[in-house]
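Observations on chain architecture
These are the residues of each chain, in order.
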Amino acid sequence: MAEGEDMQTLTSIMDALVRISTSMKNMEKELLCPVCQEMYKQPLVLPCTHNVCQACAREVLGQQGYIGHGGDPSSEPTSPASTPSTRSPRLSRRTLPKPDRLDRLLKSGFGTYPGRKRGALHPQTIIFPCPACQGDVELGERGLSGLFRNLTLERVVERYRQSVSVGGAILCQLCKPPPLEATKGCTECRATFCNECFKLFHPWGTQKAQHEPTLPTLSFRPKGLMCPDHKEEVTHYCKTCQRLVCQLCRVRRTHSGHKITPVLSAYQALKDKLTKSLAYILGNQDTVQTQICELEETIRHTEVSGQQAKEEVSQLVRGLGAMLEEKRASLLQAIEECQQERLSRLSAQIHEHQSLLDGSGLVGYAQEVLKETDQPCFVQAAKQLHNRIARATEALQTFRPAASSSFRHCQLDVGREMKLLTELNFLRVPEAPVIDTQRTFAYDQIFLCWRLPPHSPPAWHYTVEFRRTDVPAQPGPARWQRREEVRGTSALLENPDTGSVYVLRVRGCNKAGYGEYSEDVHLHTPPAPVLHFFLDGRWGASRERLAISKDQRAVRSIPGLPLLLAAERLLTGCHLSVDVVLGDVAVTQGRSYWACAVDPASYLVKVGVGLESKLQESFQGAPDVISPRYDPDSGHDSGAEDATVEALPPFAFLTIGMGKILLGSGASSNAGLTGRDGPAAGCTVPLPPRLGICLDYERGRVSFLDAVSFRGLLECPLDCSGPVCPAFCFIGGGAVQLQEPVGTKPERKVTIGGFAKLD
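Residues numbered from 1 in each chain as written. Predicted model: local features only at pLDDT ≥ 70, side-chain atom pairs only at ≥ 80, totals over all residues. Heavy atoms only, no water.

1. Looking at helix 11 (residues 375–397)
The largest bend in helix 11 comes to about 35 degrees, at Ala 382. If you check which residues of helix 11 are buried, you get Ala 382, Leu 385 and Ala 392. On its buried face, helix 11 is in contact with helix 10 (361–370). (Bend = angle between axes of the 7 residues up to and from the residue. Helix = DSSP H or I, 4+ residues; strand = E, 2+ residues; numbered from the N terminus. Buried < 20%, exposed > 50% of the residue type's maximum accessible area, 1.4 Å probe, protein only. Contact = heavy atoms within 4.5 Å.)

The following block contains the structure:
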């Protein structure tokens, strides 16, 4: 029984060792230098967090033209095996100047050092091309001397070498050939020794005798990580610079105001993060394997699809070749027919000219006819002959070939076709559209506008997707609603839910398929149904000072001469006029919302609501005797008096002037509008592009909002005992524009000759 348990334990130990050995072998690619493709030797950590061998880094800097910047970051003592003069124990007892100490003296200001000129105002910044990320990394003016050695990576490389027995036995570096196998190593001397050489180079009674022997190794590391600037042990970590620092670095000006923590804290935090990340990866091995299988399947599909694409392209090109060959044959046939026709005409002309030669048929026949003495018979025979001779004579006098020898009319202009063939390329899907946030907004409906990037392939149509983000999340992927085959670069989403947040995105489609989605855009819908109305200037409006647009959706106040005269007598108790414009609708129930834009250059404008009866009573035919200190509503607005009266005010206005909004100290507010997230009362805030007004008739509350972000500005009480209508007040110059409805515009009633008619 005991033997069986021992065998099982031994088997489990062997399996664990095999797994460890396999893991070490699989991670060999992580231990290769990107420059020499060999295992790291004294790796340095670049500012981009990649590693490179110190010797490889020196070589790369040398190729870049930097000379003298490849200092040893570890500043370790030179190995006794590096120079022949140190092979003798007697010579090794000589006190030689340490180059690292001399280098520190030079760098501290005594003299100059390589890479820096005496009195240089702008030290040279060394750029190192990282072979891993292919980026240029700034090393500063000190070059490689300012980098840390990656001692942890060195230890991992050494453990890997020991596990796979890379390189065989380590030989003594001080023996005469043939060297013996090394049995000891010395970190101080940075060399490996056999027993005899170790005793020889570490004689009793000398300082070297105090060196502690270690196991033989090919990579000697310092006992601790040292600061490359001050050669002190690092004790802290600068989170701002993401760099290890020593005690002297902490008091330097370069780290002034930085967040610095002890190395132990940084070690524990990073170790916890790495442990959690590694535990997550190890705990999701099934997911990793599933994704690997999916990627392998994708590779197979890619190979099949690539082969199909090749065949399709070859077939299309062969089709183009066949069409060109057919066209070539037809063009050559046309040229051949034209050539035969010309040759035939020229041959006939040659035959006619040959008959005019002496001794030929026509000439000989004419000569014989001239011998005829019978006059009637001569006339009968010579008449036809004379016609032939006359035509031959005319042909001689006006000779020209019967056909041209040039075939210029058969030349082809293939410039356009060659250009098309040159531009022949694969179809590309449209790039991700760019949503125009300046023209996209939500009002009674959602209007979405977008455009394609400048060099994007055209899209045949678009797909618009949208969903609400303020609904409880359902299990599984997010469910999007779609509008397919949208033509043009805008879309209208009808009947959105009020008081909601929608996220929208767009993608284009053409023959090549669907492109990438645009960036998501979030839109807030109004908190209540949109109220459509027009401006009615019959109550309290002065036609001399107020100009209402033809569509009755915009109004402008023109102060004119009265305001100029009032400005002249401003210190003598003058009075200014107040002009009021009301909406042509009245609210008697439910919740309503509307928006408007106020000209930032307006002198003083009040936007709000009030009881229709009180508004008409207060402003119908009101004389110009209102002081600028007097509020036209005599009720509650953002600049009104104390809200200590128990009766609800009949008006609620928001005061705007010179691009600012005045938030009155007496306005009541709730936490959702003017509490923690809203501005404090009794101050001014910048005027947004559009203002929103939300009326809750049942609750008797009016809310003023930023119509772009729907951020609450002010909430006021209101007497809703009767019909309530929108109102706009002007003191001095100003302008207000009602926001146009996105959907179908409402019908407007006009009066012509006393009869009501719809536009």
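2. What to know about unusual backbone geometry
With a phi close to 50 degrees, Glu 485 is a non-glycine residue in the positive phi region. Its place among the elements puts Glu 485 in strand 16 (residues 481–486). Not every positive phi belongs to a glycine, and Met 658 is a case in point at roughly 55 degrees. By the secondary structure assignment, Met 658 is in the loop between strand 28 (651–657) and strand 29 (660–663).

3. Here's the deal with the pattern of salt bridges
Per the counting criterion, the structure on display carries 11 salt bridges. Across the salt bridge formed by Arg 699 and Glu 715, the nearest N and O atoms sit 3.8 Å from each other. Of this pair, Arg 699 sits in the loop between strand 31 (691–696) and strand 32 (701–706) while Glu 715 sits in strand 33 (residues 712–717), placing them 16 residues apart in sequence. Note on Arg 699: relative accessible area 53%, which makes it exposed. Because the salt bridges share partners, they merge into one network encompassing Arg 591, Asp 696, Arg 699, Arg 701 and Glu 715. (Salt bridge = Lys/Arg side-chain N within 4 Å of Asp/Glu carboxyl O.)

4. Let's talk about the confidence of the model for the chain
Mean pLDDT over the chain: 76, with 74% of residues reaching 70 or higher. When the criterion is pLDDT under 50, residues 81–99 qualifies, and its contacts beyond four places in sequence or with other chains add up to 12 contacts. Counted against residues more than four places away or in other chains, residues 101–121, with its pLDDT under 50, gives 19 contacts. (pLDDT = per-residue confidence, 0-100.)

5. Some words on a nonpolar patch on the surface
On the surface, Leu 320, Leu 412, Val 414, Met 418, Leu 421 and Leu 424 cluster together into a nonpolar patch covering about 580 Å² of accessible area. In this fold, Met 418 is placed in helix 12 (residues 415–422). (Patch = residues over 30% accessible without salt bridge, like charges linked within 9 Å, V, L, I, M, F, W, Y side chains within 5 Å. Areas by Shrake-Rupley, 256 points an atom, 1.4 Å probe, with all protein chains shown as cover.)

6. A short note on the sheet that holds strand 10 (residues 243–245)
Across the sheet, which stays open at both edges, the three strands sit in the order 10-9-11 with antiparallel pairing between neighbours. The sheet is open, and its two edges are formed by strand 10 and strand 11 (260–262), each paired on a single side. Direction aside, the axes of adjacent strands within the sheet are offset by 35 degrees on average. Across the sheet, helix 8 (residues 263–283) lies against strand 9 (236–238), strand 10 and strand 11, angled at about 85 degrees from strand 11, the strand it touches most. (Pairing = 2+ DSSP bridges. Axes fitted to C-alpha atoms, helices over the stretch in contact; angles between N-to-C directions.)

7. Details of the packing of aromatic side chains
Evaluated as defined, the whole model comprises eight aromatic pairs. The interplanar angle of 35 degrees and the centroid separation of 6.1 Å between the aromatic rings of Tyr 593 and Phe 710 together place this pair among those described as tilted. Of this pair, Tyr 593 sits in strand 25 (residues 591–598) while Phe 710 sits in the loop between strand 32 and strand 33, and the two are 117 residues apart along the sequence. Taken as a pair, Tyr 593 and Phe 710 share a single burial class, namely buried. Both rings, one in Phe 651 and one in Phe 653, keep their centres 6.3 Å apart while their planes meet at 55 degrees; by these two values the pair is tilted. Here Phe 651 matches Phe 653 in class, with each residue buried. Cluster of aromatic residues (ring-pair linked, three or more members): Phe 193, Phe 198 and Phe 201. (Phe/Tyr/Trp six-rings, centres within 6.5 Å; stacked < 30°, edge-to-face > 60°.)

8. Examining the pairing of strand 18 (residues 501–510)
Among the 10 residues in strand 18, 10 count as buried, and that is most of the element. By the alternation rule, side chains of strand 18 split into Val 501, Val 503, Arg 505, Arg 507 and Cys 509 and Tyr 502, Leu 504, Val 506, Gly 508 and Asn 510, which are all buried. Bridge analysis of strand 15 (residues 461–468) against strand 18 gives eight bridges, and the strand direction is antiparallel. Bridge assignment links Val 464 to a residue of strand 18, and that residue is Val 506. In this structure, strand 18 lies alongside strand 20 (residues 521–524), joined through four bridges in antiparallel fashion. Note that in strand 20 the partner of Val 503 across the bridge is His 522. Pairing of strand 18 with strand 19 (residues 513–514) involves two bridges; the strand directions are antiparallel. Bridge pairing links Asn 510 to Gly 513 in strand 19. Connecting strand 18 to the next strand, strand 19, in antiparallel fashion are two residues.

9. A short note on the pairing of strand 31
Counting buried residues in strand 31 gives six out of six residues, a clear majority hidden from the surface. Judged by which residues are buried, strand 31 turns out to be covered on both faces: Leu 691, Ile 693 and Leu 695 on one side and Gly 692, Cys 694 and Asp 696 on the other are all buried. Pairing of strand 25 with strand 31, which is carried by six bridges, proceeds in the antiparallel orientation. When the bridges of strand 31 are listed, Ser 592 appears paired with Leu 695. Remark: four residues form the turn of the hairpin made by strand 31 and strand 32, two consecutive strands paired antiparallel; Gly 700 in that turn has positive phi of roughly 65 degrees.

10. Some remarks on the side chain of His 211
Checked against the element boundaries, His 211 lands in the loop between helix 6 (195–201) and strand 8 (213–214). Looking at His 211, the relative accessible area reads 19%, which means it is buried.

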